[in-house]
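Spelled out from the first residue to the last, the chains are:
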Amino acid sequence: MSQTTVLPDTRPEGTDRTGDDDPKMFHYVRKNKVAESAVTGTMVVALCGETFPVTRSPKPGSPVCPKCKEIFNKIPRGGDDGE
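Residues numbered from 1 in each chain as written. Predicted model: local features only at pLDDT ≥ 70, side-chain atom pairs only at ≥ 80, totals over all residues. Heavy atoms only, no water.

### Thoughts on the state of the cysteines
1) Next: In the structure shown here, the tally under the stated rule is zero disulfides.
2) Next: Here C65 is not disulfide-linked; the sulfur of C68 is the nearest cysteine sulfur, at 4.0 Å.
3) Next: Its relative accessible area of 7% is what places C65 among the buried residues.
4) Next: Not part of a disulfide, C68 finds its nearest cysteine sulfur in C48, a span of 3.6 Å. (Disulfide = S-S within 2.5 Å. Buried < 20%, exposed > 50% of the residue type's maximum accessible area, 1.4 Å probe, protein only.)

This is the structure:
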């Protein structure tokens, strides 16, 4: 879905909405939870702790939550267990 995924276990997903239904910013979420949430509407938890159902995929250049980005950049590459 997204071309901005760097780690195989996290990906940015949108929350904060504007009046035109476009997310104001995207959050990093575990990749294995994205499809389930998109289909069933279950909530996902972003790296920053924000919880929301997945409703949109980011486009390249979309704004990313600064808190998620900071946490994401501290995760050792290949060191995440994917749970």
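And the narrative resumes.
### Details of the environment of T40
1) Next: Inspection of the secondary structure assignment puts T40 in helix α1 (residues 31–40).
2) Next: For T40 and P53, which are 13 residues apart along the polypeptide, the C-alpha to C-alpha distance reads 8.9 Å.
3) Next: Within polar-contact distance, the side chain of T40 engages the side chain of T42 at 3.3 Å. (Helix = DSSP H or I, 4+ residues; strand = E, 2+ residues; numbered from the N terminus. Polar contact = N/O pair within 3.5 Å; in protein donor to acceptor, adjacent residues only side chain to side chain.)

### Regarding the nonpolar core
1) Next: Counting ten residues, the largest nonpolar core is built from Y28, V29, V34, V44, A46, F52, V54, C65, C68 and F72.
2) Next: Those residues in contact with C68 that lie beyond four places of it in its chain are H27, Y28, A46, L47 and C48. (Core = buried A, V, L, I, M, F, W, Y, C linked by side-chain atoms within 4.5 Å. Contact = heavy atoms within 4.5 Å.)

### Looking at the packing of aromatic side chains
1) Next: By the definition in use, this model includes one aromatic pair.
2) Next: Between the NZ or CZ atom of R77 and the centre of the ring of F72, over which it lies, the distance is 5.0 Å. (Phe/Tyr/Trp six-rings, centres within 6.5 Å; stacked < 30°, edge-to-face > 60°. Lys NZ or Arg CZ within 6 Å of the ring centre and 35° of its normal.)

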